[in-house]
Structure formats: structure tokens, C-alpha cells
Amino acid sequence: MKCGSMDWDAAVTWTANGTDIDDSRLNGSYLVLRNVDLMQSGQYSCYEGSSWHLKYQTYLRVGTPPKEPVLMCRSNNYPKGFYCSWHLPSPTYIPNSFNISVIHGTREMVCEKDIFPKNRCHIRYLQLFSTVKYKVTLTVTNALGKNSTTLTFDEFTIVKPDPPENVVAKPVPNNPRRLEVAWQNPSSWPDPESFPLKFFLRYRPLILDQWQHVELSDGTSHTITDAYAGKEYIIQVAAKDNDIGTWSDWSVAVHATPWMEEPKHLTTEAQVTETTSTSTSSFMPPPTTKICDKGAVVGSGAVAVCWTAGLVLAAYGVLFI
Amino acid sequence: MAAAETPSAALRRRDLCSRGIRLARKMRSDVADLLDAYVERQGLDASASVAALDGVPAAAAERWGEQTESQRLLDNLAAYRAFRALLTEMLEEQREQAAPADAALREALAAVLLQVSAFAYHLEELLRLESRGPPGEEGAGPPAGPRLGLFERKLRGLGVLRELAQWAVRSTRDLRQLAKPGPGGGGGGAAAPAGPAEGQ
């Protein structure tokens, strides 16, 4: 760096961010920086010899040329249009400018940049059902160089709705194995009547890792009928256009537990022996799975003794002692 | 345009549209499989670009959302009648080549041709319901052009199947528009909800 209009052999002092720079880095009055790295960014000043008059000042920004940018295009509002968004895989530390071009056949299309975020722009479809591919080229340029990337795709392949919204899951009264799930179309999908979505629902009890899946070709609700009684479930829904494109990301997860019967009070043996009245509401087994299978004793002619029945008999027996 | 639809006509139209949608979706699935087989058997590159072809109805539509119901039906019918002729021609060419290994391809082509014919008939039924009646078929086949070389014929076949696949999706959408109740329902000519290119 030259110290303004100072002669090569003038006596000068250079500073970086207010700190004096050693004379070993000078070539006459020139400052020479070798193997520049990011740490050397900052304000550089040059002062004349003993007077300390400021002769030159500059801000040095150390950066890198841009790497190949990452570009993505998607239609979450088919058939209105699609958007493309981009980012750099690593920062350059200096300002970059981005230029995007969208070509469809011989036609160049306008990509309207979003105010926020700045790395996104929208394209309106001028045609639907075209076999001609779209070619999107993004070029990033900075003071040290430029780089670009190109995406080529069909109209249908980039269609991916946003996830369903307002997913709600509720227990079904008096039914310990059911959960009612309802959701709404993503608000960004402009015309679900003409371009209906289908849905994929997944659910599992929190205590298990394995998901159950259900694909639904219409409607925005579903009743799960095989939930484990009393277990909390996690439920998510995804959406896809009925005919084209790919599945959305999963919706926000919701939790629900199937309806459970209110637990009745257990009457202990001690309480039963204290009472002299003939109470008949002494013992009800909890709503757990029966121990014996009804089907196994049909036609046997023998008395089927299930555990729960045996306990009831014992309780009543104690009552009447 | 036509007067308000009777309830039975409305029911018939919705039924025809539903069945048509199922036909179109099945056709699309079979055309997709046929396309894969065709590309493989003909030794083509699946990503090869094919320029616009004479006589092959392009599915691409500007202002699709603004089309009237009659326009949709007539465009669809014209397209599938053209595809019927194009696929018949492709089948004949395949038979001339007569490689035994291509028998499966010929069968698949014949099956899709059958579906295209059925769909064209379905559209004619819908047009009759519109009290328009289907237009007469002009000419027996695709326009006669210069005899193409083998590779050019293969590329043309690729183009035909690609456009047919797009048409199958477009027809599904068109029939859904037709099936919708509303001010334009019942054979009216009201425009469908605006699609792309609004304000253009």
C-alpha cells in the first residue's frame, strides 16, 4: 500500500486498527502485506515521520472469491409460479452481488426479487403443462471473482406444497383406541379445489420408534382406530399434489392420548370386613385386557375361569362371610 | 351458452368427469411406463430435448385458468384424436421393425392407444352432454410430412409420448374444472378460475 503521495524514501509510520506496524513489513514507505488472511482486515493508516500527519487511510477487507452457489427452486403455490432461493456454501467476507436468469425455451422470464429474504425471487408461470424445461442460472460476483450454477427442471418436478396447517388431534369419548385428527390445506396452496392435495399421516406412541402410516386421497381428517389405550401419541401430516411433484415436509407434530375411563376406587379387604351392610359396589376390575380369551372356552362345556371373574367372586365371598 | 343444466344432466356430467379423471390418471401412469420402455428399447437419452413437432398437439397452455369449458373439451378432443392417429402410426412403424424383443413395447403402445381412443370417446360423450356434439374428424391421420429417417422417427416418438404424458395431466385438471359446480357449471361457458399469467 502506498502512503498517499509520499515518496518511496519518506519516513512514515503505518498502523493497523490503531496499532503500529513493524518496519520489517515496509518497503520504503510502502506497506507490504504477504500471505494475507482474514485477520488482517481492518483500518490501515499512514502517518508522516515525526509530524504524525495522516497521509493516507484505507479500510482493507480481506475476502475470498465466491464458491459455486447453492441454488434451489420450488413451487409451493402451483399453478401460480415458483421461487428460487440460493446461498453460498461459505462466506466470502466481502460484498457479493447475485444475478439470476430464468429461461423457458426461447423465452427469458422475470424473476422478481423478494425484499426479504434477499436471496430469493419469484417467477410467474406463463404456461402450464409444458414439456419444455426451465433453465435457471445464478451468478454470484464479488471484487475477487465470480461463480455460477445452473438448474434445469420440468414444471412438475419442483412442485412441493408447504406442510398442512393447524393439525389437531383429539381423543374420541368412550373409545380408548381412537384418535381424531384434522388439519387444513397449507395457506400458500392457492386453489385446492382445482388442484387437490392428498395427505400422508404418520403416528406412533411416544414410547415406540416405529411409525404407522396412512395415505389419504381426499379429505382433511382421519380417525386413527388402532391406538394403544392410554398411550400418548405423536402425529404428523404431509401433503402432495394429487398428480404431480413431491411430498411436503412433515407438519408440526401434535400430541394426543386416547380417551381413558375414569379410574374407580378400589375397596380393600380391611374396609370390606369393617362394614356390616351388604355393599354391592365393592370391586370393579380396571379396564385392562381380559386375561382369558372368550373364544377359547366356547363349546367347552366347562366353567371358564378368568382371573378377573375369580377376583370378583373372591371379593363377594369375603363380603358375605 | 346453454341454459341451466337439469339435475340428471349435472349428475351425468359429474359422473363422466369422475370416470374421465380416473381414465386420464391411469393413462398417465401407463404412458410414463411406456416412455421408460420406449427410451430404453430405442436407445435414446431420456433427457434428450425434442423440438416442437409438426402435428403433435402441445399440452402447454397460456392462460389455462381462463379457458371456457367448451374450449377445454374441444382442445382435449382435438388432442386425443391426433394422438390416436400418431400412436397408430408409431405402432405400424414398430411392427415394420418387427424385432421380437420389442413385442412388449408394441403391446404397451397398443394398450395406450386403446386408452387414448377410449378417452376420446369419453370426451365426445361430454360434448354431447354440452349439447354441442363433437366436431367431425378432419382427415384420417396425422399430416403427411417428408419420410423421416430412423433416428428422427425415434425422436418424434419420444416427443409424442412426452406430450401425451403432459396431456394426461392437463386432462385431469380440465375435467376437475368441468366437474366443479358453480356459475359456469352445467354447460355454461364461464371462465374457470384464473391460473397463471394473471394480468398479462
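Bear in mind the structure is a predicted one, so any value in this text is a computation, not a measurement. Within any chain, residue numbers begin from 1 and follow the written order of that chain's sequence. By the order in which they are written, chains take letters starting at A while ligands take numbers starting at 1. Given that the model is predicted, a residue must reach a pLDDT of at least 70 before its local features are reported, and side-chain atom pairs must reach 80 or more before they are shown or counted; all residues, however, enter totals for whole chains, interfaces and linings. Working from all heavy atoms in the structure, the side-chain values ignore hydrogens and water.

## Digging into the packing of aromatic side chains
Part 1: Only rings of Phe, Tyr and Trp enter the pairing, Trp through its six-membered ring, and a pair is recorded when the two centres are within 6.5 Å. The plane angle decides the type: under 30 degrees is stacked, over 60 is edge-to-face, the rest tilted. With the rule as written, the count across this model stands at 19 aromatic pairs over all chains.
Part 2: Ring centres 6.1 Å apart and planes at 70° place the aromatic pair Trp14 of chain A and Tyr56 of chain A in the edge-to-face group. Taken as a pair, Trp14 of chain A in strand β1 (residues 12-16) and Tyr56 of chain A in strand β6 (residues 54-60) lie far apart in primary sequence, 42 residues in all.
Part 3: The cut-offs for exposure are 20% and 50% of the maximum accessible area for each residue type, with area from a 1.4 Å probe on protein chains only; residues under the lower value are buried, those over the upper are exposed, and the others partly exposed. The class for Tyr56 of chain A is partly exposed, based on a relative accessible area of 28%.
Part 4: A connected cluster of aromatic rings, assembled from ring pairs, spans Tyr78, Phe82, Tyr125, Phe129, Tyr134, Phe153 and Phe195 of chain A together with Trp64 of chain B.
Part 5: For a Lys NZ or an Arg CZ to count as sitting over a ring, it must be within 6 Å of the ring centre and within 35 degrees of the ring normal. Seen from the ring of Tyr83 of chain A, Arg120 of chain A lies directly overhead, with NZ or CZ sitting 5.1 Å from the centre.
Part 6: It is Arg72 of chain B that lies over the ring of Trp64 of chain B; its NZ or CZ is 4.5 Å from the centre. Strands are runs of DSSP state E lasting at least 2 residues, helices are runs of H or I lasting at least 4, and numbering of each runs from the N terminus.

## Quick notes on the pattern of salt bridges
Part 1: The rule for a salt bridge is simple: a side-chain nitrogen of Lys or Arg has to be within 4 Å of a carboxyl oxygen of Asp or Glu. For the structure shown, the criterion picks out 22 salt bridges over all chains.
Part 2: Two residues, Asp241 of chain A and Arg173 of chain B, come together in a salt bridge whose shortest N-O distance is 2.9 Å. With Asp241 of chain A in strand β21 (residues 233-241) and Arg173 of chain B in helix α4 (residues 150-179), the pair connects residues from two separate chains. Comparing Asp241 of chain A with Arg173 of chain B shows no difference in burial state: the two are buried.
Part 3: Residues joined by salt bridges that share partners form a network here, namely Asp241 and Asp243 of chain A together with Arg25, Arg173 and Arg176 of chain B.

## Quick word on the interface of chain A and chain B
Part 1: On the chain B side, the residues contacting the 22 residues of chain A number 23 residues.
Part 2: Reported buried area values correspond to the accessible surface (1.4 Å probe) lost by two parts on association, with both partners' losses combined. Of the roughly 2100 Å² buried where chain A meets chain B, counting both sides, 50% is carbon and sulfur surface.
Part 3: Remark: the boundary between chain A and chain B carries five salt bridges.
Part 4: When the shortest N-O distance is used, the salt bridge between Arg25 of chain B and Asp243 of chain A registers 2.9 Å.
Part 5: Pairs of N or O atoms within 3.5 Å make up the polar contacts considered here, provided that, within protein, one atom can donate a hydrogen while the other can accept it, and that residues adjacent in sequence are counted only when both atoms are side-chain atoms. Seen at the junction of chain A and chain B, the total is 14 residue pairs in polar contact (both at pLDDT 80 or more).
Part 6: When the residues that make up the side of chain A that touches chain B are grouped by side-chain class, the tally is ten nonpolar, five polar and seven charged.
Part 7: Bridging between strand β13 (residues 127-128) of chain A and strand β1 (residues 61-62) of chain B involves two bridges; their strand directions are antiparallel. What sits directly across from Gln127 of chain A, in β1 of chain B, is Glu62 of chain B. We call two residues in contact when some of their heavy atoms are within 4.5 Å. Polar here means any residue other than Ala, Val, Leu, Ile, Met, Phe, Trp, Tyr, Cys and Pro, which are nonpolar, and Asp, Glu, Lys and Arg, which are charged; Gly is therefore polar. Here, a strand pair is defined by DSSP locating no fewer than two bridges between the strands.

## Overview of the environment of Ser97 of chain A
Part 1: Structurally, the position occupied by Ser97 of chain A is in strand β9 (residues 97-104).
Part 2: Remark: the alpha-carbon pair of Ser97 of chain A and Val140 of chain A, spanning 43 residues in sequence, is separated by 5.6 Å.

## Observations concerning α4 of chain B
Part 1: The first and last C-alpha atoms of α4 of chain B sit 43 Å apart over 30 residues, in line with the 44 Å expected at 1.5 Å per residue.
Part 2: By the criterion of burial, α4 of chain B is predominantly enclosed, with 25 of the 30 residues buried. By this rule the span expected of a helix is its residue count minus one, scaled by 1.5 Å.

## Topic: unusual backbone geometry
Residue and element names in this part refer to chain A.
Part 1: Between Tyr78 and the following residue, Pro79, the backbone shows a cis peptide bond with an omega angle of 10°.
Part 2: If you check the backbone angles, Trp52 has positive phi at about 60° while not being a glycine.
Part 3: With respect to the helices and strands, the residue Trp52 is situated in the loop between β5 (42-48) and β6.
Part 4: Among the residues examined, Trp52 registers a relative accessible area of 42% and is labelled partly exposed.

## So, the UniProt feature "domain: Ig-like" (unreviewed entry) in chain A
Part 1: UniProt positions are given in the numbering used here, feature names are shortened, and annotations may be inferred rather than shown by experiment. According to UniProt, the positions carrying the feature "domain: Ig-like" (unreviewed entry) are residues 1-46 of chain A.
Part 2: Structurally, residues 1-46 of chain A comprises 0% helix and 35% strand, and the distance from its first C-alpha atom to its last is 9 Å.

## Let's talk about the nonpolar core
Part 1: Side-chain atoms within 4.5 Å are what join buried Ala, Val, Leu, Ile, Met, Phe, Trp, Tyr and Cys residues into a set we call a nonpolar core. Tyr78, Phe82, Leu201 and Ile235 of chain A together with Tyr80 and Leu87 of chain B are the most contacted members of the largest nonpolar core, which totals 90 residues.
Part 2: With residues near it in sequence (within four places) discarded, Tyr80 of chain B still touches Met27, Val116, Phe119, Ala120, Leu123, Leu164, Trp167, Ala168 and Ser171 of chain B.
Part 3: Among the nonpolar cores identified, the runner-up in size contains ten residues, and Cys3, Val12, Trp14 and Tyr44 of chain A belong to it.

## A word on the sheet that holds β9 of chain A
Residues and elements named next belong to chain A.
Part 1: Taken in spatial order, the four strands of this open sheet run β10-β9-β14-β15, and their pairing is antiparallel. In the strand order of this sheet, the two ends are held by β10 (107-109) and β15 (145-153), each with one partner. Each neighbouring strand pair of the sheet contributes to a mean axis angle of 25°, computed without reference to strand direction. Fitted lines through C-alpha atoms serve as axes, helices being fitted only where they are in contact, and the angles separating the N-to-C directions of these axes extend from 0 to 180 degrees.

## Notes on the state of the cysteines
Note on terminology: disulfide describes a covalent bond linking the sulfur atoms of two cysteines.
Residue and element names in this part refer to chain A.
Part 1: Disulfide: a pair of cysteine sulfur atoms within 2.5 Å of each other. Applying the stated criterion across every chain yields a total of three disulfides over all chains.
Part 2: Covalently, Cys111 is tied to Cys121 through a disulfide, its sulfur atoms 1.8 Å apart. Here the S-S torsion is close to 85°, and the disulfide linking Cys111 with Cys121 is therefore right-handed. With Cys111 in the loop between β10 and β11 (112-113) and Cys121 in strand β12 (residues 120-124), this residue pair connects regions lying ten residues apart in the sequence.

## A few points about the sheet that holds strand β8 (residues 81-87) of chain A
As a general point, the strands of a sheet are linked pairwise by backbone hydrogen bonds and lie either parallel or antiparallel.
Residues and elements named next belong to chain A.
Part 1: The four strands are arranged β7-β8-β12-β11 in an open sheet whose pairing can be described as antiparallel. Because the sheet does not close on itself, it has two edges, and the strands there are β7 (70-74) and β11.
Part 2: Pairing between β7 and β8: five bridges, direction antiparallel. Note that in β8 the partner of Leu71 across the bridge is Trp86.

## What to know about the pairing of β8 of chain A
All names here are of chain A.
Part 1: Within β8, six of the seven residues are buried, which leaves the element mostly enclosed by the surrounding structure.
Part 2: The hairpin turn running from β7 into β8, its antiparallel successor, is six residues long.
Part 3: Inspection of the sheet shows β8 paired to β12 by five bridges, in the antiparallel sense. Its bridge partner lying in β12, Ser85 is registered against Arg120.

## Some remarks on the packing of helix α1 (residues 7-41) of chain B against helix α3 (residues 103-129) of chain B
Residues and elements named next belong to chain B.
Part 1: Where α1 contacts α3, the two axes come as close as 9 Å, and the packing angle between them is 160°. The angle between α1 and α3 places the two elements in the roughly antiparallel class. The two elements α1 and α3 cross, and the hand of that crossing is left-handed.
Part 2: Here the residues of the contact of α1 with α3 are counted per class, giving 19 nonpolar, three polar and seven charged. Note on terminology: angles under 35 degrees are roughly parallel, angles over 145 are roughly antiparallel, angles of 65 to 115 are roughly perpendicular, and the others are oblique. Working rule for handedness: look at the near helix, and if it is turned counterclockwise from the far one by less than a right angle, call the crossing left-handed; if clockwise, right-handed.

## Here we look at a nonpolar patch on the surface
Part 1: On the surface, Ile207, Leu208 and Tyr228 of chain A cluster together into a nonpolar patch covering about 320 Å² of accessible area.
Part 2: One can find Ile207 of chain A in the loop between β18 (197-205) and β19 (212-216). Residues enter a patch when their relative accessible area is above 30% and they make no salt bridge; the linking distance is 9 Å between like charges and 5 Å between nonpolar side chains (Val, Leu, Ile, Met, Phe, Trp, Tyr). Surface accessibility in these figures is a Shrake-Rupley result with a 1.4 Å probe; residues are shielded only by whichever protein chains are displayed.

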